[in-house]
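Commentary on secondary and tertiary structure
Read off the chains here:
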Amino acid sequence: MDDRSADSDPVTAGESSILDTLGEDVIRIVSPVSLCMVLVVLLVSSLSSTNDLSSSISSLFLSSTTTPTSFSSLNLLLLGSDSTWEEIKSALVTALSFVVVVTLLTFLLVLLFYFRCTNFLRIYMGISSLFVLSFLGGFISLLLISHLKIPIDPFTFAILLFNLSVVGVFAVFMPKFPISMNQGYLVAIGVLTAYWFTMLPEWTTWALLIAMSLYDLAAVLLPIGPLRLLVELAMSRNEEIPALVYEARPVDPQPGDRVRVWRERTDVRIEATENSTNSANVQTVQETRLAVSEEITAPLIEAFPQTGDRHLGTEEEEDGIGLGSSGAIKLGLGDFIFYSVLVGRAAMYDYMTVYACYLAIMAGLGVTLLLLAVYRKALPALPVSIMLGVVFYLLTRVLLEVFVVQCSSNLLMF
Amino acid sequence: MTVAAGVGYVLIALGPALSLFASVIAKKPFLILTLLSSTLFWLISLIILAGAWRAFLPVKSTELWPYSILILTSVGFQEGIRIGFWRLFKKMEDMLNAFADRVSKPRLFLTDKMLLALAGGLGHGLAHAVFFCLSLLTPAFGPATFYVDKCPSIPFFLISAIIALGFVIIHTFSMVIAFNGYTEGKRKDQIFVPFAHLIAALITLINLVPGGCNIGLPLLCIMAGTTLYYSWQLVWRRLTEHQTTRSSD
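Structural notes, computed from the coordinates. (Residues numbered from 1 in each chain as written. Chains lettered and ligands numbered in written order. Predicted model: local features only at pLDDT ≥ 70, side-chain atom pairs only at ≥ 80, totals over all residues. Heavy atoms only, no water.)

1. Digging into the overall build of chain A
Selection criterion: Numbering of helices and strands starts at the N terminus; helices are DSSP runs of H or I of at least 4 residues and strands are runs of E of at least 2. Throughout, a residue-residue contact means that at least one pair of heavy atoms, one from each residue, lies within 4.5 Å. Note that accessible areas follow from Shrake-Rupley with a 1.4 Å probe, and for residues the cover is restricted to the protein chains shown.
From N to C terminus, chain A includes 13 helices and 8 strands. Restricting to contacts in chain A with at least 6 residues of sequence separation, those with at least 24 account for 74%. Summed over its atoms, the accessible surface of chain A is roughly 17800 Å², and 68% of this surface lies on carbon and sulfur atoms.

Given below as structure tokens:
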């Protein structure tokens, strides 16, 4: 029997087991998603104890400048708490109008990309990131400062905010920035946007989540879907779409690993640069035909962008999951945001729903990655996770909570 | 009772689990994925149980028998699920071995298989601690504390934290024992696990009696220690046997 029998001692054989490195790229995408969710839950639970008047005034202030949400917020504030049916109706109207706006804007994006206005798109996205980091970041920092009673003077605050926002915009859009800062700022943008979304009323949030996941499914998989058009356009031109995408740090290739490749229908190519995900310039691509054998577990899709206008119609993020230029997994920032919105809204009820929804979202992400490895085309990352998350939220709230509380309050556990 | 007490309760319930995680599991990404999936499975089994029992809750009586039926059915269901979990584990092992052959790396070592069992068990224990203890711990971060009628000497949060600690240990190591037992086919190990789980759950029934928690808690810790000891003996024996068979090749 050779050395590689099933039970050889790893220490004396000197070989490492496959268990050491398998699944590392999945963990590299699971960790930032988890971090984003944890931060949103912490923000929600520490800031939700502000009194209702100030929080509703603040949401009024923000929502008065946005078309989709102002209707429901103003409506609720002016008419007081409505009956459930009224809330559901206004929630459906809001969600529907949001999806319509997002669809129109995505088609506009496809048009602009078709006419090669990529510089315009980049500047637009830079301005929207600046907006998120400075205005939203400033607003949420003010809420935190007033809640935690941090002593800080306005000048220091202004300088810090200005510095952090400007560096954030550079970190997200310049190609040669250190990758940890890039990733950190993307997570920060995700946290801020997700927290803002959790300030919507409850029914509206759930209707919005379900509507966006259905839209994602349609936009990616239908032949007339705007995202599919965008992906095919980018693929046919060999260009990167300017968008906010989180790219996990590429895994160091082990000796004996196959090189991960980027497959597009018939040819096999490897991108020359490492970290460039968001530059609009056409990458110098080395069309190399490599005799490589089957890839391992890495999903093989193009950069899959979706630009949906999220808030104030000024931001573009990407949705969906794909494979980056260096072979790492890419996940759009819109996915981060909507996962965190779901978990944040669950946190407003109770922590048990938070844990259940977190596990459901991770399961959905795993299923999506599996489907990606099987189908090898652009896939939406929202539908499976959001649907599982909503189902688990309902099940926990209706079934599990009564059971667990009944058992625990009698100190009965198994 | 303030953030410090809340964090303290979390650490009591999850201390050994966190140290196991940091020292063993965090180093291998695949084990983290195994942990997450086994936590999900335990949650799903708990939801199914809650669904089955929903019509009968809340149990208003103070009699012992409704609660004992609850415990018996729950433990029986979970032990049945464990066998299903083991089948999944075998399938995963085959897939991993096939994958290892494809990339010309060594197949799964014995320690790898035990690590997978440990990660699975820790996932179950973590799920128990999270859903039975942590999710109810939110008031403990505030300014007051809470005592249950049946147990006026120990705060409720402390009792649930200690019980969660006991069950984390029991779940983690009974998975190791169970997988080894099913792999080797030894009846003694296979019977030990459901038996230990059932006894531990029945011990918590003692808490229904006024003042019973003073007896129930130490008994539960003894049960956890027994499971730990049994698993230690089993793993020791298995590893030494394995060493001797390998060196005799």
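2. Observations regarding the packing of helix α1 (residues 2-25) of chain B against helix α4 (residues 110-132) of chain B
Residues and elements named next belong to chain B. How we decide: In this analysis, axes come from line fits to C-alpha atoms, helices being fitted only over the stretch in contact, and the angle between any two N-to-C directions falls in the range 0 to 180 degrees. Small angles under 35 degrees read as roughly parallel and large ones over 145 as roughly antiparallel, with 65 to 115 read as roughly perpendicular and the rest as oblique. Crossing handedness follows the turn of the near helix against the far one: under a right angle anticlockwise gives a left-handed crossing, and clockwise gives a right-handed one. Charged residues are taken to be Asp, Glu, Lys and Arg, nonpolar residues to be Ala, Val, Leu, Ile, Met, Phe, Trp, Tyr, Cys and Pro, and polar residues to be all remaining types, Gly included.
Between α1 and α4, the shortest axis-to-axis distance is 11 Å and the interhelical angle comes to 150°. Between α1 and α4, the angle falls in the class roughly antiparallel. Crossing handedness for the pair α1 and α4: left-handed. Contacts between α1 and α4 involve L14, A17, L20, F21, V24 and I25 from the former and L115, L118, A119, L122, L126 and A129 from the latter. In terms of residue class, the contact of α1 with α4 is made up of 12 nonpolar, no polar and no charged.

3. As for the pattern of salt bridges
Residue and element names in this part refer to chain A. Which entries qualify depends on this criterion: Salt bridge criterion: a side-chain nitrogen from Lys or Arg within 4 Å of a carboxyl oxygen from Asp or Glu. Exposure categories follow from relative accessible area, calculated using a 1.4 Å probe and restricted to protein chains: below 20% of the type maximum is buried, above 50% is exposed, and the middle band is partly exposed.
A complete count under the given rule lists 10 salt bridges over all chains for this structure. Between R397 and E202 there is a salt bridge, with the nearest N and O atoms lying 3.7 Å from each other. Taken together, the residues R397 in helix α13 (residues 382-409) and E202 in helix α9 (residues 202-221) connect sequence positions 195 residues apart. A relative accessible area of 32% places E202 in the partly exposed class. A salt bridge links R228 to E232; its shortest N-O distance comes to 3.5 Å. Of this pair, R228 and E232 both sit in helix α10 (residues 226-237), 4 residues apart, which is roughly one turn of that helix. Overall, the relative accessible area of 24% leaves R228 in the partly exposed class. With relative accessibility at 33%, the residue E232 sits in the partly exposed group.

4. Thoughts on the nonpolar core
To keep it simple, the criterion reads: Within this scheme, the nonpolar core is defined by two criteria: the residues are buried Ala, Val, Leu, Ile, Met, Phe, Trp, Tyr or Cys, and they are joined through side-chain atoms within 4.5 Å.
Residues A:Y339, A:L400, A:F403, A:F414, B:L46 and B:F131 are the most contacted members of the largest nonpolar core, which totals 178 residues. In this view, A:L400 contacts A:M352, A:L395, B:L43, B:L46, B:I47, B:A50 and B:F131; residues no more than four positions away in its chain are not counted. One finds A:L112, A:F113, A:L233 and A:A234 within the second-largest nonpolar core, a separate group that totals 9 residues.

5. Quick look at a nonpolar patch on the surface
In plain terms, the rule: To count toward a patch, a residue needs a relative accessible area above 30% and no salt bridge. Like charges then connect within 9 Å, nonpolar side chains (Val, Leu, Ile, Met, Phe, Trp, Tyr) within 5 Å.
Residues A:L148, A:I150, A:I152, A:L160 and A:L164 make up a contiguous nonpolar surface patch of about 430 Å² in total accessible area. Residue position: A:L164 is located in helix α7 (residues 154-173).

6. Considerations on the side chain of A:S340
Residues and elements named next belong to chain A. Here is the rule we go by: Between N or O atoms, a polar contact is any pair within 3.5 Å; within protein, one atom must be a potential hydrogen donor and the other a potential acceptor, and residues adjacent in sequence are included only when both atoms are from side chains.
Topologically, S340 is positioned in helix α11 (residues 333-347). Here S340 falls in the buried class, since its relative accessible area comes to 0%. In this structure the side chain of S340 is engaged in a polar contact, spanning 2.8 Å, whose partner is the backbone oxygen of F336.

7. Points about the packing of aromatic side chains
Ring pairs (aromatic) are described by centroid distance and by the angle formed between their planes. Let me state the cut-off plainly: Only centres within 6.5 Å qualify two rings of Phe, Tyr or Trp (six-membered ring in Trp) as a pair; their planes then separate them into stacked at under 30 degrees, edge-to-face at over 60, and tilted for everything else. The criterion for a charge sitting over a ring is simple: Lys NZ or Arg CZ within 6 Å of the ring centre, and within 35 degrees of the ring normal.
One pass over the full model with this rule turns up 24 aromatic pairs over all chains. Both rings, one in B:Y9 and one in B:F157, keep their centres 6.0 Å apart while their planes meet at 40°; by these two values the pair is tilted. Taken together, the residues B:Y9 in helix α1 and B:F157 in helix α5 (residues 156-184) connect sequence positions 148 residues apart. The class for B:Y9 is buried, based on a relative accessible area of 9%. Here the aromatic rings of B:F85 and B:F179 are separated by 6.4 Å at their centres, their planes lie at 40°, and the arrangement is tilted. Highlighted residues: B:F85 in helix α3 (residues 65-102) and B:F179 in helix α5, separated in sequence by 94 residues. As far as the burial class goes, B:F85 and B:F179 line up, both buried. Lying over the aromatic face of A:F113, A:R237 brings its terminal NZ or CZ to 5.3 Å of the ring centre. Lying over the aromatic face of A:Y349, A:R397 brings its terminal NZ or CZ to 3.9 Å of the ring centre.

8. Quick notes on the pairing of strand β8 (residues 329-332) of chain A
Residues and elements named next belong to chain A. For clarity, the cut-off: A pair of strands is treated as paired once DSSP finds two or more bridges between them.
Every second residue of β8 is oriented toward a common face, with I329 and L331 on one face and K330 and G332 on the other, all of them buried. Summarising the sheet, strand β1 (residues 245-247) and β8 pair through 3 bridges and their orientation is antiparallel. Opposite Y246, over in β8, you have L331 as the bridge partner.

9. Digging into the interface of chain A and chain B
Stated formally: Buried area is calculated as the accessible area (1.4 Å probe) missing from two parts once they are joined, with the contributions of both summed.
Across the boundary between the two partners, chain A contributes 50 residues, which contact 71 residues of chain B. Of the roughly 5500 Å² buried between chain A and chain B, counting both surfaces, carbon and sulfur atoms make up 74%. For the chain A face of the interface with chain B, the top three residues by lost area are A:L411, A:M413 and A:F414, together amounting to 17%. Here chain A and chain B share 0 salt bridges between them. For the side of chain A that touches chain B, the elements supplying multiple residues, two or more each, are α1 (10-13), α2 (24-47), α12 (351-375) and α13 of chain A. Ranked by the residues each element gives to the side of chain A that touches chain B, the list is headed by α13(A), at 13 residues. Residue classes in the side of chain A that touches chain B are distributed as 31 nonpolar, 10 polar and 9 charged.

10. Focus: unusual backbone geometry
Residue and element names in this part refer to chain A. If you check the backbone angles, K149 has positive phi at about 55° while not being a glycine. Within the element layout of this structure, K149 appears in the loop between α6 (118-148) and α7. The class of K149 is exposed, set by a relative accessible area of 68%.

Keep in mind that these numbers describe shape and distance, not what the molecule does.
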